[in-house]
Amino acid sequence: MTAAPREGRAALPAVDAILRSAGGARLIAQFGRTLVLDAVRAVLAMRRESGEAGSVDTVIAEAAAALEKLMQPSQRQVFNLTGTVLHTNLGRAPLPEEAIEAAAAAMRAPSSLEYDLATGRRGERDDHISGWLVRLTGAPAALAVNNNAGALVLALNTLADGRETIVSRGELIEIGGSFRLPDIMARAGTRLREVGTTNRTHLADFAAAIGPETGLILKAHTSNYAIEGFTAAVPAAKLAGLAREHGVPFIEDLGSGSLVDLDIWGLPHEPTVAEALAQGADLVTFSGDKLLGGPQAGLVVGHADLVARLAKNPLKRALRLDKIRLAALEAVLRLYADPDRLAQRLPTLRLLARPQSEIAALAERLLPAVQRALAGLAEAGIAETRSQIGSGALPVSLLPSAALVLRPMGAGKSGGAVEALASTLRHLPTPVIGRIEAGKVVLDLRCLEDEAGFLDQLAELRAGLLR
Ligand SMILES: *Cc1c(COP(=O)(O)O)cnc(C)c1O
């Protein structure tokens, strides 16, 4: 029923004929009529523009390809072989199964999110996690918000709105571009009162700055850089004493803030939340998806009266956690109650504590298959490497690891061949994200747990490189 093409127009089938064809019916069954109609119209318009003719089958095939692409999830699962365990751009902490199940259950049906089942009255959403945080940190009270940046905004705004917040010049940190402490403070309505110098700040600097305008004293954990040489910082306990003397709150932003002593698993020491409290912080803020290994969240623990003031700030409502993340966070905190099995059950800790010998053995197992897949195209070998924790935790402490190192054959100095190899890896069904180093693609295997899933894609990798 295709009408004869008019003068100067490409011969194209009518939309109706395409939709009514067997191929059209198959596409509609898969994607629904609305999307198929849009896609078919787009293909026809493109061909009309370019003057290219086409049959029902070619239009269907093009529409199908466009729809496959459109309907592919935008946020995709990837293999994080960058060597950075808590990679902010790759979603930070992978969650334990217990948390995944709890989140799914919270999504599926109504829950007792803000409902006290004992009394039948309204409940508090943070009650699901505050009991655990109190138990695990020794703090009298706790609350949770969207992320640690949110926790800081809430604390600064509640306690120092319109007044000064005193911070050491050496701690005016930037974390990943979009988080700069001075900007956060300005938006929270508090005036920044910098004291000391970049490399040295003394207790006397703080003491001289304290006055009627002081809202609070803030200490920020400068974990993503180190100032070395002629340096001095005021210990938290001294700052806490000074703050108490003047009746102003002292807040410590720990950033990563671990709930357990990482030394137990042979990892470098990162200050724990309990330590910060023991040194006298009135409030401690930290992230849920850094070393804690949970979902994105900002956690605040400390004095009950201060936590209660934060909870009453209208900003708390704007920053609160949803039921899905609260369920996941609660499940993660429950795992901490059994520290003996924590390193097996909490993926973040399992990956951080993974022994180099185990990673090296994995590299040995994978190498022959990788070499076969790359035969004639690239050389593959094994190298020792060092992973990092990421997300601002202990950047200088690197964890011994093992990597597959891929070098394209005949790679020139321009690096085009290495870029192409990295790009092919990124375009696999489950993208493989490595890092480029000195003309090679380095795949740090610390975070590779799905060995079979990785091997399954090697044929596709070869096909991709040959295209
Ligand atoms: C990471 C970090 C933050 C920001 O935490 P988010 O949870 O990413 O909002 C704030 N302060 C410090 C010291 C950090 O390390």
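Residues numbered from 1 in each chain as written. Predicted model: local features only at pLDDT ≥ 70, side-chain atom pairs only at ≥ 80, totals over all residues. Heavy atoms only, no water.

Quick notes on the pairing of strand E9 (residues 214-220)
Then comes step 1: With seven of seven residues buried, E9 lies mostly within the body of the structure.
Then comes step 2: With three bridges connecting them, strand E5 (residues 164-168) and E9 associate as parallel partners. Each bridged residue has a counterpart across the sheet, and for Ile-166 the counterpart in E9 is Ile-217.
Then comes step 3: Across four bridges, E9 lies against strand E10 (residues 250-255) in parallel orientation. Paired with Leu-218 across the bridge in E10 is Ile-251. (Buried < 20%, exposed > 50% of the residue type's maximum accessible area, 1.4 Å probe, protein only. Helix = DSSP H or I, 4+ residues; strand = E, 2+ residues; numbered from the N terminus. Pairing = 2+ DSSP bridges.)

Structural notes on the site of the ligand
Then comes step 1: Around the ligand, the neighbouring residues are Arg-92, Asn-147, Asn-148, Ala-149, Ile-173, Ile-175, Phe-179, His-221, Asp-253, Gly-255, Ser-287 and Lys-290.
Then comes step 2: Contact between the ligand and Arg-92: an oxygen atom at 3.0 Å from a side-chain N or O atom of the residue.
Then comes step 3: The contact in question runs from a nitrogen atom of the ligand to an N or O atom on the side chain of Asp-253, over 2.6 Å.
Then comes step 4: Look at the ligand: alone it shows 380 Å² of surface, and the protein chains cover 94% of it.
Then comes step 5: Those elements giving two or more residues to the shell around the ligand turn out to be helix H7 (148-160) and E10. (Near = heavy atom within 4 Å. Polar contact = N/O pair within 3.5 Å; in protein donor to acceptor, adjacent residues only side chain to side chain. Areas by Shrake-Rupley, 256 points an atom, 1.4 Å probe, with all protein chains shown as cover.)

Comments concerning the sheet that holds strand E17 (residues 440-444)
Sheet strands pair by backbone hydrogen bonding; their relative direction is either parallel or antiparallel.
Then comes step 1: The antiparallel open sheet is built from four strands, whose spatial order is E13-E14-E17-E16. Each edge of the open sheet carries a strand with a single partner, namely strand E13 (378-387) and strand E16 (435-437). Between one strand axis and the next, the sheet turns by 35 degrees as a mean value, whatever way the strands run.
Then comes step 2: In the sheet, E13 pairs with strand E14 (residues 399-408) via 10 bridges, with the strands oriented antiparallel. Bridge pairing in E14 places Thr-385 opposite Ser-401.
Then comes step 3: Running at roughly 35 degrees to E17, helix H18 (residues 416-426) makes contact with E14, E16 and E17 of the sheet. (Axes fitted to C-alpha atoms, helices over the stretch in contact; angles between N-to-C directions. Contact = heavy atoms within 4.5 Å.)

Thoughts on the sheet that holds E5
Then comes step 1: Strand order in the open sheet made by the seven strands is E4-E12-E11-E10-E9-E5-E8, with mixed pairing throughout. Pairing within the sheet leaves two strands with one partner each, and these edge strands are strand E4 (141-145) and strand E8 (191-195). Averaged over all pairs of adjacent strands, the angle between strand axes in this sheet comes to 25 degrees, irrespective of strand direction.
Then comes step 2: Against the sheet, helix H6 (residues 127-137) engages E4, strand E11 (283-287) and strand E12 (298-302), with an angle of about 125 degrees to E4.

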